[in-house]
Amino acid sequence: MTLRMTLAASAASLCYASVVLAGPQAEVLHWWTSGGEARAVAVLQEEFSARGGTWTDMPVAGGGGDAAMTALRARVLSGNAPTAVQLKGPAIQEWYEEGVLADISSVAEAQGWADILPASIAGHMQCDGVWCAAPVNVHRVDWVWANKSIIEAHGIAMPTTWDEFNAAAEKLQAAGITPLAHGGQSWQDATVFETVVLGLGGPDFFRSALVDLDMDALTSDTMKAVFDQMRTLRGFVDSNFSGRDWNLATAMVMNGEAAFQIMGDWAKGEFLAAGKVPGEDFLCASTPGDGYLYNVDSFAMFSVSGDDNIAGQNLLAELIVGESFQKVFNLNKGSIPVRADVALDEFDSCAVLSANDMVATAEAGSLLPSYAHGMALRGAQAGAITDVVTAHFNSDMSADDAVRMLADAVANSL
Ligand code: GAL
């Protein structure tokens, strides 16, 4: 039985429920369970309820969404897909090709998404010419976060090169401070890795290596230098990093247990949820080097039947792109609105920097999709790279061996 048939059968069995229930319904699968994330997703729940919707929450904990995507596969295969799912980048297209996504073009056309969304983002939301996902935000991945009082007490400024970062980290380490808060989960290793690829190689190298999967770039001396820098960073991490969640690493910076974290700006959502103020308690700067790695959260709707479910999907899509949600959600989440027409006057300096850099890098050709957050590559290719990055980070593998393994892993995934 194809996925489409399985879904249709299960949708038929849900018909009775939809006759009895009134009003828009949505079961929403997402992985927003940390403090900042939960505050942000509550905004959507509240707006949905205020419009008469009934929200059934299906949170699957696990930063980066790996566990959520496993749960999604199980639900779809058992013929019981959730109505709305946090999905991103090429994974949207992959699910569309399975024939299981709903077409939300009627909402997109009524709200004029083609006019209010930047073309680079709109492209991710369209499948074969129909609108198949609703964009929530723009997260920037290439950030360094710092505990302000720690680095100032040691006469350290936010690093603008990787050599400066290393020198600052060595100074802190000599003073008994953990330089880098890191959680040893593969997606976090990949997050740090891609910022080093961008910083040491530059935007064109990033594109060749992690978007185009060019073998010369993947096996180059530049890529070896990236793995060497990863080895150096490994030396700046405390001994308890294995398996640590990203938000606990953020808390280490917040609480003065570590100086820096390299993480996307969902980390800022954690600082804000804890009442910390950018520029006073913590500092943000893009990781050393040029460019901007974007990570656009979005929701796709799975094909379901029943007027209440379809009304729920349409209402969610409308609210997500609506101006009010775009502002309030992103104030909590640490990201910036996808809509350029949402005023940023209530946003903090890190968000304004992100928005300005996004415009400037789009013009310069250095606005790039994050591979670590599922924006650049299909799952098989991204997973093959991440396996090598993690294997290297957690062993004494040489950079030469790492690039050889990288080339093999990518070739086998194609
Ligand atoms: C990213 C996602 C963010 C944030 C982060 C940590 O992949 O885009 O919204 O939630 O994972 O969970």
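None of the values given here were measured: they were computed from a predicted structure. (Residues numbered from 1 in each chain as written. Predicted model: local features only at pLDDT ≥ 70, side-chain atom pairs only at ≥ 80, totals over all residues. Heavy atoms only, no water.)

Observations regarding the site of the ligand
And step 1. Around the ligand, the surrounding shell holds 13 residues, and the nearest of these are Glu 37, Lys 88, Asp 297, Lys 333 and His 373.
And step 2. Side-chain polar atom of Glu 37 to an oxygen atom of the ligand: 2.4 Å apart, as the coordinates give it.
And step 3. For the ligand, an oxygen atom lies 2.9 Å from a polar atom in the side chain of Asn 295.
And step 4. When the free accessible area of the ligand is taken as 300 Å², the share hidden by the protein chains comes to 100%.
And step 5. Split by residue class, the shell around the ligand holds four nonpolar, five polar and four charged.
And step 6. For the shell around the ligand, the domains that each give at least three residues are domain 1 (24–138 + 296–350) and domain 2 (140–294 + 353–413). (Near = heavy atom within 4 Å. Polar contact = N/O pair within 3.5 Å; in protein donor to acceptor, adjacent residues only side chain to side chain. Areas by Shrake-Rupley, 256 points an atom, 1.4 Å probe, with all protein chains shown as cover. Nonpolar A, V, L, I, M, F, W, Y, C, P; charged D, E, K, R; others polar. Domains from an automatic or database assignment.)

A closer look at the domain arrangement of the protein chain
One frequent convention defines the size of an interface as the accessible area lost when the parts assemble.
And step 1. Assigned domains of the protein chain: these are domain 1 (24–138 + 296–350) and domain 2 (140–294 + 353–413).
And step 2. Taken over C-alpha atoms, the centre of domain 1 sits 26 Å from the centre of domain 2.
And step 3. The largest share of the area that domain 1 buries against domain 2 comes from Pro 90, Gly 334 and Cys 350, three residues that together contribute 23% of it.
And step 4. The tally of links between domain 1 and domain 2 comes to three salt bridges.
And step 5. At the junction of domain 1 and domain 2, the tally comes to 12 residue pairs in polar contact (both at pLDDT 80 or more).
And step 6. Every element with two or more residues in the side of domain 1 that touches domain 2 is listed here: helix H3 (35–50), helix H5 (89–97), helix H8 (119–124), helix H18 (323–333) and helix H19 (349–364).
And step 7. Looking at the side of domain 1 that touches domain 2, its residues break down into eight nonpolar, 13 polar and eight charged. (Buried area = accessible area lost by both parts, 1.4 Å probe. Salt bridge = Lys/Arg side-chain N within 4 Å of Asp/Glu carboxyl O. Helix = DSSP H or I, 4+ residues; strand = E, 2+ residues; numbered from the N terminus.)

A word on the nonpolar core
And step 1. Within the largest apolar cluster, 77 residues are counted, with the highest numbers of intra-cluster contacts made by Phe 165, Phe 193, Met 223, Phe 260, Tyr 371 and Ile 385.
And step 2. Per element, the largest residue contribution to this core is seven residues, and it comes from helix H11 (residues 186–201).
And step 3. Apart from residues no more than four positions distant in its own chain, Phe 193 is found in contact with Leu 210, Met 223, Val 226, Phe 227, Met 230, Tyr 371, Ile 385 and Val 389. (Core = buried A, V, L, I, M, F, W, Y, C linked by side-chain atoms within 4.5 Å. Buried < 20%, exposed > 50% of the residue type's maximum accessible area, 1.4 Å probe, protein only. Contact = heavy atoms within 4.5 Å.)

Quick word on the sheet that holds strand S8 (residues 143–147)
And step 1. Taken in spatial order, the four strands make up an open sheet running S9-S10-S8-S11, and their pairing is mixed. Each edge of the sheet is formed by a strand with only one pairing partner; in this case those strands are strand S9 (178–180) and strand S11 (282–286). Neighbour to neighbour, the strand axes of the sheet diverge by 15 degrees on average, direction disregarded. (Pairing = 2+ DSSP bridges. Axes fitted to C-alpha atoms, helices over the stretch in contact; angles between N-to-C directions.)

Comments concerning the state of the cysteines
One covalent bond between the sulfur atoms of two cysteine residues makes up a disulfide.
And step 1. Taken as a whole and judged by the stated rule, the model has two disulfides.
And step 2. Across a sulfur-sulfur distance of 2.3 Å, Cys 284 and Cys 350 are joined as a disulfide pair. The sign of the -105 degrees torsion about the S-S bond sets the Cys 284-Cys 350 disulfide as left-handed. Of this pair, Cys 284 sits in strand S11 while Cys 350 sits in helix H19, and the two are 66 residues apart along the sequence. In terms of burial, Cys 284 and Cys 350 fall into one category: buried. (Disulfide = S-S within 2.5 Å.)

As for the environment of Ala 251
And step 1. Its place among the elements puts Ala 251 in helix H15 (residues 246–254).
And step 2. Given a relative accessible area of 21%, Ala 251 falls into the partly exposed group.

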